[in-house]
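# A look at the structure
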Amino acid sequence: MNAPNGLIGLVSATAAGRRARDLVAAAWPEATRVYDTGDQSGADTVRSALTRAFAECDRIVCFLATGATVRLLAPLLGDKESDPGVVCVDEARRYAVALLGGHAGGANELAHAVAEVLPGCRPVVTTATDAVDVPGLDTLGPPVEGAVAAVSRAVLDGEPVRLVRHVPFPLPALPENVTETDGGDGAGDGSGGYTVLVTDRAVEPDDRTAVLRPATLSVGVGASRGAPADEIVELVERSLTDAGLSLRCVAELATVDAKADEPGIVEAARRLGVPVRTYPAEALAAVPVPHPSQAPLAAVGTPSVAEAAALLARGEGAELVVPKRKSEVQGRAAMATCAVARRRPRGRLAIVGLGPGARDLLTPRARDELRRAGVVVGLDQYVAQIRDLLRPGTRVLESGLGAEEERARTAVAEARAGRAVALIGSGDAGVYAMASPALAEASADIDVVGVPGVTAALAAAALLGAPLGHDHVSISLSDLHTPWEVIERRVRAAAEADLVVTFYNPRSRGRDWQLPKALALLAEHRSPDTPVGVVRNASRPGERVAVTTLGELDPTVVDMMTVVTVGNTATRTVAGRMVTPRGYRWQGGA
Ligand code: SAH
């Protein structure tokens, strides 16, 4: 588990608390600061430790009872935005309770993280949105402003809430009372209803509108040596205001490498609360811009700094929304230029392997991606496998067997429309499954995230023993997509190379001669007593595991729910388990 961001203060009062504290400190040595209360557990010492931690840290873990913590914290409380998040861990380390600052203070996230560090510890989160499984507006990713509390409450209470997106930001599922409309901006448009607005435009939020601020904008800046920060800040703010854009959506100030340490730019970025990103002059020179000029070419080696840097920072598909403009200072020449580029937030396609079936073989990452998705695309039987994990309101596009290409195309089209899509498959979604048809369709304008899953060959191998201990291959016997000659050539090659072979799609009602034929090819190079594992429904209800031999396998027990793993010449059956030795010395003379 990675350490959460920021500085985490650790406060404890008892020996048991100190032991738990030391585990957390050891897990995140860089991110934590121990507030030592010595050996005395006198309340004054703990009180002063907590007071210091409260002033110095972004978050705090108290190894104290909630009651004691509440009493000590009460006089320190300021406001929700600036107070640190506080998590309490009990003496027995059973619970990590998010006590204060669940969302804004990051305590919910910290409670989960602490619980992962302490064996047997469970996170306790009581903020309403997390408790009823609706994503908090402030956990959706982008910063949020306006009537966050009122709109969150409306979402939670099931009141009608409008979602208006000026930019197609990929959101996870929102509950059914939140409906997307494209009318108005919801802010002061007189509609009176609650609105979640996703926009990079400058709007005055009213008391019923929460505004999500995705980082769509990049401000390119050029500056002569010694340009004052005031001049740069004023220019940036005026450029955004004139274009009706929000400073909250600026991802960075972008400029040329040579200006990385220019004090005015560094200070302006600090005041605007954004990082500085710099690019080599050659990279900037290669960006086509509407207003190239001689001055920067001579000074830093590129005909454009502001426009080129803004465009480059936003990447492919960026458009210039404010062309280069100069600062205006009375009585002397301008020392700064600025331009603004925008890119639509990219849609997100997660390709998620669900594992062979059992819930505990679904990875935590796969689970997170399912909950991050607004749209889930998959085969109906796989959707059924994980439906309970989806957030209420997730749009599910399921289809039956055979519609692979259509599923792939749908998933990609949804992501290109700017949505957060999870394309699911059993086992690993890249093994004889959806990842390749989807990525064959996908363009560069979406983000793709792959989540590996336990593929059938591995799930079966774990049940059989250690059949894959040396070099091995998987071969699908389905000749629907692959001509039989090709399959046969590969089986022969595997036979000659003495590879352990796992057959996927081994046999169906209409395809019954391929498996015997493939086994016969292997038998030309392996003895009849070569171990063969037959696993049906690995880690699913109806699981069946058998170890037999090449000479004795009855192909009629094999169907499409089964994988068949054939050992190599060194594979042995030991105590009923298939074992393929690792060392070449074991290979014998075969
Ligand atoms: N993407 C899947 C494979 C899809 S091909 C994966 O990575 O596992 C479908 C074939 O996989 C089936 O015909 C069967 O041979 C095999 N298979 C999938 N799940 C299985 C399971 N739980 N037990 C045994 N075989 C399985």
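Per-chain numbering applies: the sequence of each chain, read as written, is numbered from 1 onward. For a predicted model such as this one, the threshold for reporting local features is a pLDDT of at least 70, and the threshold for listing and counting side-chain atom pairs is 80 or more; totals across whole chains, interfaces and linings nevertheless cover every residue. Neither water nor hydrogens contribute to the side-chain values; these are computed over all heavy atoms in the structure.

Before going further, it helps to spend a moment on the overall build of the protein. Numbered from the N terminus, helices here are DSSP runs of H or I no shorter than four residues, and strands are runs of E no shorter than two. Within the protein one finds 18 helices and 29 strands. With the C-alpha coordinates of the protein rotated into their principal frame, the extents come out at 95 × 70 × 55 Å. Split into buried and exposed, the 590 residues of the protein put 48% on the buried side. Residues are treated as being in contact if the distance between any of their heavy atoms lies within 4.5 Å. Taking contacts inside the protein between residues at least 6 apart in sequence as the whole, the part at least 24 apart equals 66%. Under the convention used here, a 1.4 Å probe and the Shrake-Rupley method define accessible areas, while residue burial counts only the protein chains that appear. When the accessible surface of the protein is split by element, carbon and sulfur atoms take 51% of a total near 27,300 Å². Any residue under 20% of the maximum accessible area for its type is buried, any over 50% is exposed, and the rest in between are partly exposed; the area is computed with a 1.4 Å probe on protein chains only.

Turning to the site of the ligand, a few remarks are in order. What surrounds the ligand is a group of 20 residues, the closest being Val-431, Thr-455, Ala-538, Met-560 and Thr-562. Each polar contact in these results corresponds to two N or O atoms within 3.5 Å; when the atoms are within protein, one needs to be able to donate a hydrogen and the other to accept it, and residues that are neighboring in sequence are counted only if both atoms are side-chain atoms. Residue Ala-456 places a main-chain N or O atom 2.9 Å away from an oxygen atom belonging to the ligand. One nitrogen or oxygen atom from the main chain of Ala-538 is found 2.9 Å from a nitrogen atom belonging to the ligand. Considering the ligand on its own, with 540 Å² of exposed area, one finds that the protein chains cover 93% of that surface. Residue classes follow a fixed rule: Ala, Val, Leu, Ile, Met, Phe, Trp, Tyr, Cys and Pro count as nonpolar, while Asp, Glu, Lys and Arg count as charged, and any other residue, Gly among them, counts as polar. Classifying every residue of the shell around the ligand gives twelve nonpolar, six polar and two charged. What fixes the domain bounds is an automatic or database domain assignment. Here the shell around the ligand spans two domains, and each of domain 4 (348-454) and domain 5 (457-579) adds at least three residues to it. What makes a residue near a molecule or strand is one non-hydrogen atom of that residue sitting within 4 Å of it.

Attention shifts here to the pattern of salt bridges. Pairing between side chains of opposite charge can happen when their charged atoms approach one another. In what follows, salt bridge is the name for a side-chain nitrogen of Lys or Arg lying within 4 Å of a carboxyl oxygen of Asp or Glu. Scanning the entire structure with this criterion turns up 31 salt bridges. We note a salt bridge from Glu-56 to Arg-33, for which the minimum N-O separation is 3.0 Å. Of this pair, Glu-56 sits in helix H2 (residues 43-56) while Arg-33 sits in strand S2 (residues 32-35), and the two are 23 residues apart along the sequence. Looking at Arg-33, the relative accessible area reads 36%, which means it is partly exposed. Connected through salt bridges with shared partners, the residues Asp-230, Glu-267, Arg-270 and Arg-271 form a single ionic network.

Turning next to the nonpolar core. Nonpolar side chains tend toward joint burial in soluble globular proteins. Side-chain atoms within 4.5 Å are what join buried Ala, Val, Leu, Ile, Met, Phe, Trp, Tyr and Cys residues into a set we call a nonpolar core. In this structure, Val-219, Val-221, Ile-232, Val-236 and Leu-253 are the most contacted members of the largest nonpolar core, which totals 23 residues. At the level of elements, strand S12 (217-223), helix H7 (229-243), strand S13 (250-256), helix H8 (263-272) and strand S16 (336-342) are the ones that each hand at least two residues to this core. Among the elements that line this core, the one with the most residues is H7, at five residues. Beyond its immediate sequence surroundings of up to four residues, Val-221 is in contact with Ile-232, Val-236, Leu-253, Ala-254, Thr-255, Ile-265, Val-305, Ala-306, Thr-337 and Cys-338.

Domain assignment breaks the protein into domain 1 (8-126), domain 2 (137-212), domain 3 (217-342), domain 4 (348-454) and domain 5 (457-579). If you average the C-alpha positions of domain 1 and of domain 3, the two centres end up 43 Å apart.

Our focus in this paragraph is the sheet that holds strand S25 (residues 531-536). In short, DSSP must find at least two bridges between two strands for them to pair. Strand order across the open sheet formed by five strands is S23-S24-S27-S25-S26, with mixed pairing between neighbours. Edge positions in the sheet fall to strand S23 (472-476) and strand S26 (544-549), since each of these pairs with one other strand and no more. Put simply, the sheet's adjacent strands are angled 20° from each other on average, direction ignored. Here S25 pairs with S26 via six bridges, running antiparallel. Across the sheet, Val-534 pairs through a bridge with Ala-546, a residue of S26. Axis angles are defined between N-to-C directions and span 0 to 180 degrees, where every axis is a line fitted to C-alpha atoms and, for a helix, only to the segment in contact. Together, S23, strand S24 (500-504), S25, S26 and strand S27 (562-566) form the strand contacts of helix H16 (residues 456-464), whose direction differs from that of S25 by roughly 115°.

Another aspect to go through is the sheet that holds strand S6 (residues 122-124). Taken together, the six strands give an open sheet; going across it, the order is S2-S1-S3-S4-S5-S6, and neighbouring strands pair in mixed fashion. Bordering the open sheet on either side are S2 and S6, each of which pairs with just one other strand. Ignoring which end each strand starts from, the neighbouring axes of this sheet average 25° apart. Where strand S1 (residues 8-12) meets S2, four bridges bridge the pair, whose relative direction is parallel. Looking across to S2, one finds that Leu-10 is bridged to Val-34.

This brings us to the environment of Arg-71. Structurally, Arg-71 is set in helix H3 (residues 66-73). Put simply, Arg-71 and Leu-245 are 174 residues apart on the chain and 45 Å apart in space, counted from C-alpha to C-alpha.

The geometry of an aromatic ring pair comes down to the distance between the two centres and the angle between the two planes. For this analysis, a ring pair means two rings from Phe, Tyr or Trp (six-membered ring only for Trp) whose centres lie within 6.5 Å, classed as stacked if their planes differ by under 30 degrees, edge-to-face if by over 60, and tilted for the remaining angles. Using the criterion set out here, one finds two aromatic pairs in the structure. Consider the rings of Trp-484 and Trp-513, whose centres lie 5.0 Å apart with planes at 75°: the pair is edge-to-face. Taken as a pair, Trp-484 in helix H17 (residues 484-496) and Trp-513 in the loop between S24 and helix H18 (514-523) lie far apart in primary sequence, 29 residues in all. We call a charge positioned above a ring when the Lys NZ or Arg CZ atom is no farther than 6 Å from the ring centre and deviates by at most 35 degrees from the ring normal. In this structure, Arg-208 packs its charged tip against the face of Tyr-194, placed 4.5 Å from the ring centre.

So, on to the packing of H7 against H8. Across the interface, H7 lies against H8 with an axial gap of 8 Å and an inter-helix angle of 50°. Between H7 and H8, the angle is such that the two are oblique. Here the hand of the crossing between H7 and H8 comes out right-handed. Residues Ala-229, Asp-230, Ile-232, Val-233, Val-236 and Glu-237 of H7 pack against Gly-264, Ile-265, Glu-267, Ala-268, Arg-271 and Leu-272 of H8. Among the residues forming the contact of H7 with H8, the class breakdown is seven nonpolar, one polar and four charged. Orientation is classified from the angle alone, with under 35 degrees giving roughly parallel, over 145 giving roughly antiparallel, 65 to 115 giving roughly perpendicular, and any other angle giving oblique. By definition, turning the near helix anticlockwise from the far helix through less than a right angle yields a left-handed crossing, and turning it clockwise yields a right-handed one.

Here we take up the environment of Leu-311. Within the element layout of this structure, Leu-311 appears in helix H11 (residues 306-314). We classify Leu-311 as buried; its relative accessible area is 14%. In this structure the C-alpha to C-alpha distance between Leu-311 and Ala-457, which are 146 residues apart in sequence, comes to 46 Å. Setting aside residues up to four positions removed in sequence, Leu-311 forms contacts with Val-287, Pro-288, Val-289, Ala-318, Glu-319, Leu-320 and Ala-341.

Moving on, we come to H7. One less than the number of residues in a helix, times 1.5 Å, gives the span that helix is expected to have. With 15 residues, H7 extends 21 Å between its outermost C-alpha atoms, agreeing within 8% with the 21 Å of an ideal straight helix rising 1.5 Å per residue. Ala-229, Glu-231, Ile-232, Val-233, Leu-235, Val-236, Arg-238, Ser-239 and Leu-240 are the residues of H7 that are buried. Tucked inside the fold, the buried residues of H7 contact S12, S13, H8, strand S15 (319-326) and S16. Directly beyond the C-terminal end of H7, a positive phi value near 70° is found at Gly-244.

Before going further, it helps to spend a moment on the packing of H17 against H18. In contact at an axis separation of 8 Å, H17 and H18 are set at 30° when each is read in the N-to-C sense. In terms of their interaxial angle, H17 and H18 are classed as roughly parallel. Judged by the twist between their axes, the crossing of H17 over H18 is right-handed. Judged by residue contacts, Trp-484, Glu-488, Val-491, Arg-492 and Ala-495 of H17 engage Gln-514, Lys-517, Ala-518, Leu-521 and Leu-522 from H18. Classifying every residue of the contact of H17 with H18 gives six nonpolar, one polar and three charged.

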